[in-house]
Amino acid sequence: MGMSATQARLLQLTSMLNDVEFEGQQINMARTQLSSTSAKYYNQLLNMEVPTPPVKSDYTNLVYTYSANGNDYTITDIGALDKDGNAEVTTQHTGYGSTVNSTGEVMQVVATPKKVKDEEIGIICTTNKDSLYTEDGTPCTPIIKATTYSQGATYVDSKGDSVDVESAVAEEMGSDKYIGADGKAVTSYTTPMYTKGEQKYNWVDDTTKPITDEEGNITGYEQKKEYYDEWELGGEVTPEAFFQSLNLGNDVNQVVDESEATAFIGTAAKEVMEYTIDGQTPLSFDDLPETDERANMEQAIRQSGKNPEDYYFIPNGEGTYDMFLKTDVEDGNDSAEVLTYGYTNNALFEETEKVNVGFGTNGRVSSITLPDGTKVAVTPNIETDELAYEDAYAQYTYEKQIYDKDQAAVNAQLSTIQQQDKRLELQLTELDTRRTQITTELDALQTVLGDNIERTYKTFSG
């Protein structure tokens, strides 16, 4: 009865030990998963980019300035120095600029139709010379379609440009493809004219190539072709066929007397409107003399966001010009508004010129010599873009707040994982204590069971 109870207790303790070990394995697996999750969050912390505050020196620039000709200049760019220390230097300065203004005055516009040369069409061929424009001195050229070559004639194409038929004839004659009635090659145009036939030849002895017998005696000579100087007449060439052989194409006309003409070449005309303003013929910008006044007007117009080609100009007798928008003059009304240009003193100018650049011992620009030989001192100035620096610092502050928030969230997750791992560690410690107790009791039972078995066997063997 005692052995049975001991055996039952042994089985019960063995089952308890297995349960404890299985539960310990589950806890270890949970701790492994927590460790993997913890590593992920630590990697996330390592990969987070720590914001760095902006450095104020990154927002400062070295700016060179100088004074000349009554203006203050700021150097914005210095090109590459040549061997003489000269460079293209770009500067900015404020000074007198120009603007276009309306006077409120209007002047009378008269439009008169007029025929002018049509540059877009250019030269054309027509059968009616009366439709050709000749007022500019361009003559009407009477022509016939050229089918044969006439020595000394003048040839043109359908645009009126000269065609050098004489050279084409000379080149063709020089090709040795044609012969006269005497069978000789011709060197100038003639009729009748024939194409060359096959060249004739006879077989004759080639005395440079003897034929000998076995004893070395000459028995004859090898044969060679000896060509005749005369030519066999080929087919007769008509003047029309010869002209086509010149490879001039079909765009060739012969200039003739007007009575013989079948067409005329001249300059095509188109009708345009000629404008007068208050009785004066206006000028386009390109028609104005290149003076300082013209340069001032161009500056005024461009500063107003316009193109000088958009205006007509009329001298006003005061050394300047009245201006009129072309669209206003050409709109079909009989009046146009007068425009003038004026100056303002707050315009920003940019210009580039080649100057000689001088440097100080510190490597900074110390002076420049202008093209007129004037040498001026250059002052270095450190300028800080405070607004850009403040914007950069505000961006840094924002990024730092985001970083701190993300870091706090990750640390919170890590703290939770550490607490869970601590709790599992305590459970594992408790299980280890239970396991020790079970194994201790198992060892004792196994000792008792062994003693009982030994005693029992000794009884039956005594």
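Keep in mind the model is a prediction, meaning the values are calculated, not measured.

Honestly, the overall build of the chain in this entry has me stumped. Any pointers?
A tally of regular secondary structure across the chain gives six helices and 19 strands. Here the chain, with 462 residues, has 27% of them falling under the buried criterion. Taking the intrachain contacts of the chain between residues at least 6 apart in sequence as the baseline, contacts between residues at least 24 apart amount to 68%. Put simply, the chain shows about 29,800 Å² of open surface, and 47% of that area lies on carbon and sulfur atoms.

Looking at this model, I keep getting lost on the packing of aromatic side chains. Mind explaining?
Here a ring pair, both rings aromatic, is described through the centre-centre distance and the interplanar angle of the planes. Under the definition given, this model contains twelve aromatic pairs. For the ring pair Y311 and F313, a centre distance of 6.5 Å and an interplane angle of 40 degrees mean the geometry is tilted. The same class applies to Y311 and to F313, which are both buried. A connected cluster of aromatic rings, assembled from ring pairs, spans Y149, Y155, Y178, Y189, F242 and F243. The ring of Y201 is capped by K225, whose NZ or CZ atom sits 4.5 Å from the centre of that ring. Its guanidinium or amino end placed over the ring of Y312, K326 lies 5.3 Å from that ring's centre, counting from NZ or CZ.

Honestly, helix α2 (residues 165-173) in this entry has me stumped. Any pointers?
Think of an α-helix as 3.6 residues a turn; residues three or four steps apart then line up on the same face. Those residues of α2 that sit buried are V165, A168, V169, E172 and M173. Projected down its long axis, α2 carries its buried residues within an arc of 130 degrees, all on one side. In this fold, the buried residues of α2 make contact with β7 (155-156), β8 (178-179), β9 (193-212) and α3 (239-244).

Could you clarify how one ought to interpret the environment of V106 in this entry?
Here V106 lies in strand β3 (residues 86-117). Expressed as a C-alpha distance, the spacing of V106 and I277, which sit 171 residues apart in the sequence, is 9.8 Å. Those residues in contact with V106, other than ones at most four positions away along the chain, are S335, A336, E337 and V338.

What is the right way to look at the nonpolar core in this model?
As a rule of thumb, nonpolar side chains are buried together in soluble globular proteins. Core analysis: the largest hydrophobic core is formed by 19 residues, its most contacted members being L13, Y41, L45, V410, L414, I438 and L442. Those elements that place two or more of their residues in this core are α1 (2-47) and α6 (386-461). Examining the composition of this core, we find that ten residues originate from one element, α6, more than from any other. If near-sequence neighbours (up to four positions away) are discounted, L45 is found in contact with Q407, V410, N411 and L414.

Before we go on, may I ask you to explain the pattern of salt bridges in this structure?
It is possible for side chains of opposite charge to pair when their charged atoms get near one another. According to the stated counting rule, one finds eight salt bridges in the structure shown. For K114, the salt bridge is made with E274, and the minimal N-O distance between the two is 3.5 Å. Separated by 160 residues along the polypeptide, K114 in strand β3 and E274 in strand β12 (residues 263-277) bring together distant segments of the chain. By relative accessible area, K114 is classed as partly exposed at 37%. Its relative accessible area of 39% is what places E274 among the partly exposed residues.

What is the right way to look at a nonpolar patch on the surface in this model?
Residues Y201, W203 and Y227 make up a contiguous nonpolar surface patch of roughly 360 Å² in combined accessible area. Checked against the element boundaries, W203 lands in strand β9. Among the residues examined, W203 registers a relative accessible area of 52% and is labelled exposed.

Looking at this structure, I do not really get the side chain of D322. What am I missing?
Inspection of the secondary structure puts D322 in strand β15 (residues 321-325). Dropping the residues within four chain positions of it, D322 is found in contact with M107, Y312, F313, I314, N316, V338, L339 and T340.

Whenever I open this one, the side chain of D157 confuses me. Can you help?
Mapped onto the elements, D157 comes out in the loop between β7 and α2. Reaching out from D157, the side chain makes a polar contact with the backbone nitrogen of D161 at a distance of 2.9 Å. Sequence-distant contacts of D157, that is, excluding residues within four places in its chain, are made with V163, D251, N253 and I265.

Would you mind showing me how to read the confidence of the model for the chain here?
Reading fine detail from the predicted coordinates is not recommended where pLDDT is low. For the chain, per-residue confidence averages 82 on the pLDDT scale, and residues scoring 70 or more make up 88% of the total. When pLDDT is averaged over each helix and strand of the chain, the minimum, 63, is found for strand β5 (residues 132-133) and the maximum, 94, for strand β11 (residues 253-255).

Is there a simple way to think about unusual backbone geometry in this case?
Where the residue is not glycine, phi is negative for most of them; where a peptide bond is considered, it is trans in most cases. Notably, N247 is not glycine yet its phi reads approximately 60 degrees, a positive angle. Mapping N247 onto the fold places it in the loop between α3 and β11. Residue N247 is classed as exposed on the basis of its relative accessible area of 68%.

I would appreciate a short explanation of the environment of F242 in the present structure.
Looking at the element boundaries, F242 is found in helix α3. Separated by 70 residues in the primary sequence, F242 and E172 place their C-alpha atoms 9.3 Å from one another. In this structure, F242 is in contact with V169, E172, M173, Y178, Y189, M193 and V237, ignoring residues within four places of it in sequence.

Would you take a moment to explain the environment of K422 for this structure?
Locating K422 in the fold gives a position in helix α6. Owing to a relative accessible area of 47%, K422 belongs among the partly exposed residues under this scheme. Put simply, K422 and R31 are 391 residues apart on the chain and 9.3 Å apart in space, counted from C-alpha to C-alpha.

Calculation rules
Residues numbered from 1 in each chain as written. Predicted model: local features only at pLDDT ≥ 70, side-chain atom pairs only at ≥ 80, totals over all residues. Heavy atoms only, no water. Helix = DSSP H or I, 4+ residues; strand = E, 2+ residues; numbered from the N terminus. Buried < 20%, exposed > 50% of the residue type's maximum accessible area, 1.4 Å probe, protein only. Contact = heavy atoms within 4.5 Å. Areas by Shrake-Rupley, 256 points an atom, 1.4 Å probe, with all protein chains shown as cover. Phe/Tyr/Trp six-rings, centres within 6.5 Å; stacked < 30°, edge-to-face > 60°. Lys NZ or Arg CZ within 6 Å of the ring centre and 35° of its normal. Arc of directions from axis to C-beta. Core = buried A, V, L, I, M, F, W, Y, C linked by side-chain atoms within 4.5 Å. Salt bridge = Lys/Arg side-chain N within 4 Å of Asp/Glu carboxyl O. Patch = residues over 30% accessible without salt bridge, like charges linked within 9 Å, V, L, I, M, F, W, Y side chains within 5 Å. Polar contact = N/O pair within 3.5 Å; in protein donor to acceptor, adjacent residues only side chain to side chain. pLDDT = per-residue confidence, 0-100.

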